[in-house]
Amino acid sequence: MDQLEDIIKKSTELGEAIAQTTVYRDFKKAEHDLLHNTEARKLVENLQKVKQEYHGRQMAGLELSKVEQEKLKEMETACVRNRQVLLSNEANSKFQELIEQITANIKNGIKSIDT
């Protein structure tokens, strides 16, 4: 097996190891529960839709009005008040932190050889 094949194999093994962690399992369960909770899913979908709309306007150089800013803040608050959305966000954050830590370790491993 050449070096690149070995790296690809190790990356697959890493993915399998990640999938076996409680952080990943909690993330997947929270994601599933969110998708199957109509109220929570609609809150998130509506927030994402408004955020995309506002982002597009900002990219076009338009500033959000106070009313729009307040609407966005209210929608975010409503999402966080929903228990399922909150659980999903927490699980997602923990999983993203794990992935960022893994990525940082990979970069550190490269730097240790590269210097």
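Basis of the calculations
Numbering of residues starts from 1 in every chain and runs along the sequence as written. The model is predicted, so local features are restricted to residues of pLDDT at least 70 and side-chain atom pairs to those at 80 or more, both for listing and for counting; the totals for chains, interfaces and linings are taken over all residues. The side-chain numbers reported here are obtained from all heavy atoms of the structure, hydrogens and water having been left aside. Each helix is a run of DSSP H or I of at least 4 residues and each strand a run of E of at least 2, with the numbering of both proceeding from the N terminus. Throughout, the radius of gyration refers to the C-alpha atoms, and the reference size of a globule is 2.2 Å times the residue count to the power 0.38. Here the term buried applies to any residue with accessible area under 20% of the maximum for its type, exposed to any over 50%, and partly exposed to those in between, with areas from a 1.4 Å probe on protein chains only. We call two residues in contact when some of their heavy atoms are within 4.5 Å. Accessible surface is estimated by sampling points in the Shrake-Rupley manner with a 1.4 Å probe; for residues, cover comes only from the protein chains shown. An expected span of 1.5 Å times one less than the residue number is assigned to each helix. Picture the helix axis, draw a direction to every C-beta atom, and the arc is the one those directions span. We define the nonpolar core as a collection of buried residues of types Ala, Val, Leu, Ile, Met, Phe, Trp, Tyr and Cys that are connected through side-chain atoms lying within 4.5 Å of one another.

### Description of the overall build of the chain
Scanning the chain from N- to C-terminus turns up five helices and zero strands. Moving toward the C terminus, one meets the helices and strands of the chain in the order α-α-α-α-α. Relative to the compact-globule value of 13 Å for 115 residues, the chain shows a C-alpha radius of gyration of 20 Å, a clear excess of over 25%. For the C-alpha atoms alone, the extent of the chain along its principal axes is close to 60 × 35 × 20 Å. The buried share of the chain, reckoned over its 115 residues, is 18%. Considering only contacts in the chain between residues 6 or more positions apart, those separated by 24 or more positions represent 65%. Accessible area for the chain stands at about 9100 Å²; split by element, carbon and sulfur atoms hold 54% of it.

### Considerations on helix H3 (residues 38–59)
Under the 1.5 Å per step criterion, the end-to-end length of H3 is 31 Å for 22 residues, consistent within 8% with the ideal 32 Å. Residues of H3 that are buried include every one of Ala40, Val44, Leu47, Val50 and Tyr54, and no others. Here the buried residues of H3 occupy an arc of 135° about the axis, which is enough to place them on one side. The outward face of H3, more than 90 degrees from its buried face, is lined by the exposed residues Lys49, Gln52 and Met59.

### Things to note about the nonpolar core
Leu34, Ala40, Val44, Leu47, Val50, Tyr54, Leu64, Leu72, Met75, Cys79 and Val85 together form the largest nonpolar core, which totals 11 residues. Elements with a contribution of two residues or more to this core: H3 and helix H4 (66–81). Here this core gets five residues from one element, more than from any other, and that element is H3. If we skip the residues at most four places from it in the chain, Leu64 touches Tyr54, Arg57, Gln58 and Gln69.

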